[in-house]
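Secondary and tertiary structure notes
The lines below spell out each chain.
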Amino acid sequence: VDMMKHYEPDGQRILQIASCFGSSFDAATVQLVYDSKDESAVFRHLDAAIKDGLIIQTGSKYSFSHDQIWQAAYSLTLPTEREEMHLRIGRQLLQGIPPAEIDSVVFTIVDQLNRGSALITDHDEKMTVARLNLKAGEKAKAAGSFLQASIYLKQATALVDEEDWEEQYNLCLRLYTVCAESQLAQVDYEASIQ
């Protein structure tokens, strides 16, 4: 942490953003969230972190060189500000990625939005996040990741309320149906491997 605190504020900010994605990330996504007019800033700061041994680059992917370094970078964001940071990242990704490409990064977007979902107050945004969680849940279910599907779908059901059954009936029915199917498949799978 001490080494990171010696970085200039932009460098610390880039490490904070990168750490919100976990131990590995890609520079293009960090660039999208960092939202600077200086397109080389992210790469310049990542290069400095590589030289210091904090980050490893493999092709177009980056990763923190150790889990403790990732945790140290994540700790640069105060715990009280993390939910807001994740929500802001999710919103920026959703706005910055063309709709045709959302499916390819839906897990990344939803993971960020879910970590900040307690701060969402706008009903339309809640419905958008619920739909994205449904999409992620269906994609995970189709891949046979029933536990992950259930997590996304439970998050989606937590975002809808009783009034939505009247106004968003098809969405609510689909959410609860796919959630039940995923949970049933998960139980069947667990029973089959014992």
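Residues numbered from 1 in each chain as written. Predicted model: local features only at pLDDT ≥ 70, side-chain atom pairs only at ≥ 80, totals over all residues. Heavy atoms only, no water.

Per the counting criterion, the structure on display carries 7 salt bridges. When the shortest N-O distance is used, the salt bridge between K141 and E181 registers 2.9 Å. Here K141, found in helix α8 (residues 123–142), pairs with E181, found in helix α11 (residues 169–192); they are 40 residues apart in sequence, far enough to count as distant. You can call K141 partly exposed: its relative accessible area is 25%. A residue is classified by how much of its surface remains accessible, and E181, at 33% relative accessible area, is partly exposed. (Salt bridge = Lys/Arg side-chain N within 4 Å of Asp/Glu carboxyl O. Helix = DSSP H or I, 4+ residues; strand = E, 2+ residues; numbered from the N terminus. Buried < 20%, exposed > 50% of the residue type's maximum accessible area, 1.4 Å probe, protein only.)

This part takes up the packing of aromatic side chains. Scanning the entire structure with this criterion turns up 6 aromatic pairs. Ring geometry for W165 and Y169: centres 5.9 Å apart, planes at 65 degrees, overall edge-to-face. Under the relative-accessibility criterion, W165 is labelled partly exposed at 31%. Taking the relative accessible area as the measure of exposure, Y169 reaches 43% and is therefore partly exposed. (Phe/Tyr/Trp six-rings, centres within 6.5 Å; stacked < 30°, edge-to-face > 60°.)

Turning next to the sheet that holds strand β1 (residues 24–26). Strand order in the open sheet made by the 3 strands is β1-β3-β2, with antiparallel pairing throughout. Lying at the two open borders of the sheet, with one neighbouring strand each, are β1 and β2 (55–58). Ignoring strand direction, the axes of neighbouring strands in this sheet form an average angle of 30 degrees. Here β2 pairs with strand β3 (residues 61–64) via 4 bridges, running antiparallel. (Pairing = 2+ DSSP bridges. Axes fitted to C-alpha atoms, helices over the stretch in contact; angles between N-to-C directions.)

This part covers helix α7 (residues 102–115). For α7, with 14 residues, the first-to-last C-alpha span of 18 Å sits near the 20 Å given by 1.5 Å per residue. Those residues of α7 lying buried are I102, V106, I109, V110, Q112, L113 and N114. (Expected span 1.5 Å × (residues − 1).)

There is a patch of nonpolar side chains on the surface, built from W165, Y169, L173 and Y176 and spanning about 370 Å² of accessible area. Considering each element in turn, the nonpolar patch owes the most residues, 3 residues, to α11. Within the secondary structure layout, Y169 lies in helix α11. (Patch = residues over 30% accessible without salt bridge, like charges linked within 9 Å, V, L, I, M, F, W, Y side chains within 5 Å. Areas by Shrake-Rupley, 256 points an atom, 1.4 Å probe, with all protein chains shown as cover.)

Bringing the layout of surface pockets into the picture now. Roughly 280 Å³ of volume is contained in the largest pocket. Looking at the largest pocket, it is lined by 17 residues, and the ones nearest its centre are F21, D26, T29, V105 and T108. Looking at the lining of the largest pocket, the elements that each hand over two or more residues are β1, α3 (27–34), α6 (79–96) and α7. For the lining of the largest pocket, the leading source of residues is α7, giving 5 residues. (1 Å grid on protein atoms, 1.4 Å probe; cavity = no way out; pocket = protein on both sides within 12 Å on 5 of 7 lines; lining within 4 Å. Points joined across faces, edges and corners; volume = space filled by probe spheres on them.)

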